[in-house]
Every structure is written in C-alpha cells, then in structure tokens.
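Here are the chains, one letter per residue:
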Amino acid sequence: EYTAFYVLANGEARLLNFWAMLSQPGTPHNCYTINTTTTDKLNFYLNEVHPNVVKLLKNIGARDGVAWFEFMTDVDGKMYALEMGQRLSGDMMYIPLKDVTKFNTIGHLINYAVNQYTSTDSLPESQSCYWKKGACSYILWTAKDGVINDIVGIDKVNNIPGVQVQQSKEVGDKLTAYHYGTIVSISYDSVNELCEKIEMVNECYHMYD
C-alpha cells in the first residue's frame, strides 16, 4: 500500500510526499511496520494518479490544511484508493518529513487554527522527484495481549541522530495483540543508513508485559 500526503492553502494542493507502507511478514496485513519515502511507484503515481487527486480536492472544495490518500496496487498494475482523510496521518510521517522537505506541517495547521492562513507562496513545490533525504515511520506493534510492565531504551534511541521515539503508551497501559506499541521517526541519507538505524532501535528499545 501507499500514501500520498498533500498540503493545501487557498484551494491549491501540493503533494508533500508519496510513501510506501510495508507490513511485517507473519503479522496481519494492517500492521504497517515500515512506512518509507523509498518507493518504486512515485513516477507511476505522479503520471497516472496525482492529477486526478488534485482535481478531486478542488472539486470538493478543500481549501486549507492537509489531506492524505491511501492506495493499493493490484496484480493488474493499477492503483486503487481505499482510504482518505483531511487530517494528519496516524503513522506520524509528517515528523521526519520536516527533515526531508523543510516544511513544518504542524506550524501550517496551527496557523490555520488561529486564522493566520498560509499563503500559496509559502507552500513547498509539489513533489516531482525523489527527495535527496529519506523519511521513515517505524511502527512497533504489540506481539500479544498484555499490560505494559516496563519500557526501556527511549533515551538511547532518541540519542541516535535523526531518530526520535513518539511514545504514546505508558507503564500500566493494557494493550491487545497487534496494537500500536510505539512509533519511531527516522530520517536518513541512504537505505543502508535506514537499515542501520532500525537495527540500533531494535537493540535499544523494548516494551515488556
């Protein structure tokens, strides 16, 4: 599956980023463990889908804020929309994307909330090629039902350059299997660097029941 994330101002939509959603083998297909800007479908999306999405946003009167669209590809090679939202994405990709695109999505939404609208000129150019840096949302899912007894390694992970834990769970929280455990935001310069950082996270961070 894939996500296309747009930022809007004054009725104009710009594609901030298009990313891939990869599930962990052996888990339910909704467990997207790695969401990454490293994808093989960007050019296909730009040529075949993006113009229609921009037209859709214009036709429904979407003017400001953000909007995202999730897609799946089938064996026929086509891309199908399966979910849409005009809010921030739950995988928090907008956090590492600030490193990659230099656009502050949170600031954009805060300005809108206090009636200080972002001008069209302040929007980034719509993505037309791969960014020089990459962004990843590394989602750690619970393996089974349980109550969190201990969480270790947050400080060590946060000390890795370009890596930040988005910790929303606490000791004492009760979770079911295949539930968001935590999200780790990662920015990187190469795929090898991303793999190295994920290995470091796996070594440092643990959540116990």
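Every value quoted in this text rests on a predicted model; they were computed, and no experiment measured them. (Residues numbered from 1 in each chain as written. Predicted model: local features only at pLDDT ≥ 70, side-chain atom pairs only at ≥ 80, totals over all residues. Heavy atoms only, no water.)

Asks: I would appreciate a short explanation of the environment of V191 in the present structure.
Replies: Positionally, V191 belongs in helix α6 (residues 191–204). For V191 and G134, which are 57 residues apart along the polypeptide, the C-alpha to C-alpha distance reads 8.2 Å. (Helix = DSSP H or I, 4+ residues; strand = E, 2+ residues; numbered from the N terminus.)

Asks: Explain the packing of aromatic side chains to me, please; I cannot follow it from the model alone.
Replies: The relative placement of two aromatic rings is captured by the distance of their centres and the angle of their planes. Taken as a whole and judged by the stated rule, the model has seven aromatic pairs. Pairing Y2 with F18 gives two aromatic rings, centres 5.5 Å apart and planes at 5 degrees, and the pair type is stacked. With Y2 in strand β1 (residues 2–9) and F18 in strand β2 (residues 12–23), this pair connects stretches of sequence that are 16 residues apart. Pair check on accessibility: Y2 and F18 agree, each one buried. (Phe/Tyr/Trp six-rings, centres within 6.5 Å; stacked < 30°, edge-to-face > 60°. Buried < 20%, exposed > 50% of the residue type's maximum accessible area, 1.4 Å probe, protein only.)

Asks: In this structure, what is going on with helix α3 (residues 94–101)? I would like to understand it.
Replies: Within an α-helix, residues lying three or four positions from one another point in the same direction, as the helix has 3.6 residues per turn. Within the sequence span of α3, burial applies to Y94, P96, L97, V100 and T101. Mapping the buried residues of α3 onto a view down its axis gives an arc of 155 degrees, with all of them on the same face. Tucked into the core, α3 has its buried residues touching β2, α4 (105–113), β6 (134–141) and β11 (180–188). Residue K102 follows α3 closely and has a positive phi angle near 65 degrees. (Arc of directions from axis to C-beta. Contact = heavy atoms within 4.5 Å.)

Asks: Help me understand the sheet that holds β6, please; the structure alone is not making it clear to me.
Replies: Backbone hydrogen bonds are what pair the strands of a sheet, in a parallel or an antiparallel way. With antiparallel pairing, the eight strands of this open sheet are ordered in space as β5-β4-β1-β2-β3-β6-β11-β9. Looking at which strands have only one partner, the edges of the open sheet turn out to be β5 (79–85) and β9 (163–166). In this sheet, adjacent strand axes meet at a mean angle of 25 degrees when their direction is disregarded. By the bridge criterion, eight bridges tie β1 to β2 in an arrangement that is antiparallel. Counterpart to F5 in the pairing with β2 is N17. Here α4 sits on the sheet in contact with β1, β2 and β4 (65–73), set at roughly 130 degrees to β4. Against the sheet, α6 engages β3 (32–36), β6, β9 and β11, with an angle of about 145 degrees to β11. (Pairing = 2+ DSSP bridges. Axes fitted to C-alpha atoms, helices over the stretch in contact; angles between N-to-C directions.)

Asks: Can you walk me through the confidence of the model for the chain in this structure?
Replies: Fine structural detail should not be taken from predicted coordinates in areas where pLDDT scores are low. On average, residues of the chain carry a pLDDT of 93, and 100% of them reach 70 or more. No element of the chain has a lower mean pLDDT than α4, at 92, and none a higher one than helix α2 (residues 50–59), at 97. (pLDDT = per-residue confidence, 0-100.)

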